[in-house]
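Secondary and tertiary structure notes
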Amino acid sequence: MKKHILVVPGDGIGQEVTAVGKKVLERIAEKFNHEFTYDEALIGHVAIEATGNPLPDETLEKMRASDAVLFGAVGHPKYDNDPSAKVRPEQGLLKMRKELGLYANLRPIKLFDELLSASSIKPEILKGSDILFFRELTGDIYFGEKGRKDDGNTAYDIASYSTYEVERIARKAFDAAMTRGKKLMSVDKANVLETSRLWREVVQRVALEYPEVTVEHQFVDSAAMLLIKDPRRFDVVVTANLFGDILTDEASQIAGSMGMLASASIGDGTGVYEPIHGSAHDITGMGVANPMASVLSAALLLDISFGLKEESDAIINAVDLVLKSGMRTRDIADANTPAYLLMGTEAAGEALLKFL
Ligand code: IPM
Ligand code: MN
């Protein structure tokens, strides 16, 4: 198969982990006789430094022209401590999502058995958890009108959803539920928010097309509680942009670490695959970041954008074998991990390539 992949590492540890993700893709191409070509582009803080723009037109054009994007992370502490900054790395990410029509963000929360003890949740509560989040990604309070009034003393962000926006993400989630445990939880705040009442109405209507799927509606506060109390009751979850952002960070603790979680953003055109973790400037340049999330994002890319299931499974299997070998990056290590099994980003990459 001939495919063109755009690598967009972005900021902080995005650079380090994406380099490993790309190596894994190269090895897969070799092993399975595919011809993958690559290009690179800038986004986020590195793009601001180079061009003044967090998402240069050139990057967007390259994204549109590629078959898939392997993405790193965006962000820089400089902006976090300066709320008045007008140009921010995250604007690049949000604009990319909007411009590419990436309305569905899939975040699989899969717990590798070897990591049962890496979580702060009791193993007997966790064992067997397997959740697939569908986070709506191009609407909600993220993209509504925002601003200040009263001489800057009042701020507002408007949340809005249209029937069409809810329908298309709901269908994606129902379709996925049909291929899994046929259970879908829709998360909203319909006791308070009008957008959530529309959300619930639409999900109820779409549910009629999927009589085999058992649907449960939960308010977001209760869903947040249930995730920790009983993660196994979750199968497919569909929710709005902001709720999905928050709940998936929470759910990452089911998998042991944010460093293990991949995501796929799909929609109208090119799909974008990225770790759910951020740029992590506290550990940038130290060579200790866990590259598994990027590697598992590459696996999602092969499966979803290219339909290469066997190749994708080979990557997941290699990740499993590295974990079974006992090697751990420090985010998934525990008190029982001997020093000689602690690995950095590059060592993790080498171990993966070896098992592949
Ligand atoms: C994510 C991130 C982004 C988001 C930030 C960096 C804007 O947290 O992809 O989850 O909030 O969507
Ligand atoms: Mn987030």
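The numbers attached to residues start from 1 for each chain and follow its sequence in the written order. To label them, take the chains in the order written and letter them from A, then take the ligands in the order written and number them from 1. Only residues with pLDDT of at least 70 are given local features in this predicted model, and only at 80 or more are side-chain atom pairs given and counted; all residues enter the totals for whole chains, interfaces and linings. The side-chain numbers reported here are obtained from all heavy atoms of the structure, hydrogens and water having been left aside.

1. Considering the UniProt feature "domain: Isopropylmalate dehydrogenase-like" (unreviewed entry) in the chain
This is how it is decided: UniProt positions are given in the numbering used here, feature names are shortened, and annotations may be inferred rather than shown by experiment. In DSSP terms, a helix is any run of H or I states spanning at least four residues, a strand is any run of E spanning at least two, and both are numbered starting from the N terminus.
Under the local residue numbering, the UniProt record ascribes the feature "domain: Isopropylmalate dehydrogenase-like" (unreviewed entry) to residues 4-352. When the span residues 4-352 is considered, its composition is 42% helix and 19% strand, and the gap between its end C-alpha atoms is 23 Å.

2. Considerations on the domain arrangement of the chain
Heads up, the condition is: Residue ranges assigned to each domain were obtained from an automatic or database domain assignment. Residues count as neighbours in contact if any of their non-hydrogen atoms are within 4.5 Å of one another. The term buried area refers to how much accessible surface (probe radius 1.4 Å) is lost by two components on association, counted for both of them together. Think of a salt bridge as a Lys or Arg side-chain nitrogen and an Asp or Glu carboxyl oxygen that are within 4 Å of each other. By the convention adopted, Pro, Cys, Tyr, Trp, Phe, Met, Ile, Leu, Val and Ala count as nonpolar, Lys, Arg, Asp and Glu as charged, and the other residues, Gly among them, as polar.
Considered domain by domain, the chain is made up of domain 1 (1-112 + 256-356) and domain 2 (120-255). Here the C-alpha centre of domain 2 lies 23 Å away from the C-alpha centre of domain 1. Contact residues are listed per partner, giving 22 residues for domain 1 and 23 residues for domain 2. Of the roughly 2200 Å² buried between domain 1 and domain 2 on both sides combined, carbon and sulfur atoms contribute 62%. Three residues, Tyr103, Arg107 and Ile109, lead the burial of domain 1 against domain 2; their summed loss comes to 34% of the area buried on that side. The interface formed by domain 1 and domain 2 holds 0 salt bridges in total. Of all the secondary structure elements, the ones that give two or more residues to the side of domain 1 that touches domain 2 are helix H5 (89-99), strand E4 (104-110) and strand E11 (262-266). Considering every element that reaches the side of domain 1 that touches domain 2, the biggest residue donor is E4, with 7 residues. Looking at side-chain class alone, the side of domain 1 that touches domain 2 contains 13 nonpolar, 5 polar and 4 charged residues.

3. Points about the site of ligand 1
Let me state the cut-off plainly: Think of it this way: one heavy atom of a residue within 4 Å of a molecule or strand is enough to make that residue near it. N or O atoms closer than or at 3.5 Å make up a polar contact, with two conditions inside protein: a donor-capable atom paired with an acceptor-capable one, and, for residues adjacent in sequence, both atoms drawn from side chains. All accessible-area figures derive from a Shrake-Rupley calculation using a 1.4 Å probe, and residue coverage is judged against the displayed protein chains alone.
Lining the immediate surroundings of ligand 1 are Glu90, Leu93, Arg97, Arg107, Arg135, Tyr142 and Asp245. Arg107 is positioned with one of its side-chain polar atoms (N or O) 3.0 Å from an oxygen atom of ligand 1. Here an oxygen atom of ligand 1 sits 2.5 Å away from a polar atom, N or O, in the side chain of Tyr142. For ligand 1, the protein covers 76% of the area, taking 320 Å² as the surface of the free molecule.

4. A word on helix H7 (residues 163-179)
Cut-off, in case you're wondering: Expected helix span is taken as 1.5 Å per residue step, with the number of steps being one fewer than the number of residues.
With 17 residues, H7 ought to run about 24 Å at 1.5 Å a step, and its terminal C-alpha atoms sit 25 Å apart, in line with that. Its buried side turned inward, H7 meets E4, strand E5 (130-136), strand E8 (183-188), helix H8 (194-207), strand E9 (214-219) and strand E10 (236-239).

5. Let's talk about the pattern of salt bridges
Counted under the stated rule, the structure contains 23 salt bridges. With a shortest N-O distance of 2.9 Å, Glu99 and Arg64 are connected by a salt bridge. Here Glu99, found in helix H5, pairs with Arg64, found in helix H3 (residues 57-65); they are 35 residues apart in sequence, far enough to count as distant. One continuous salt-bridge network, built from bridges that share partners, spans Glu167, Arg171, Arg205 and Glu209.

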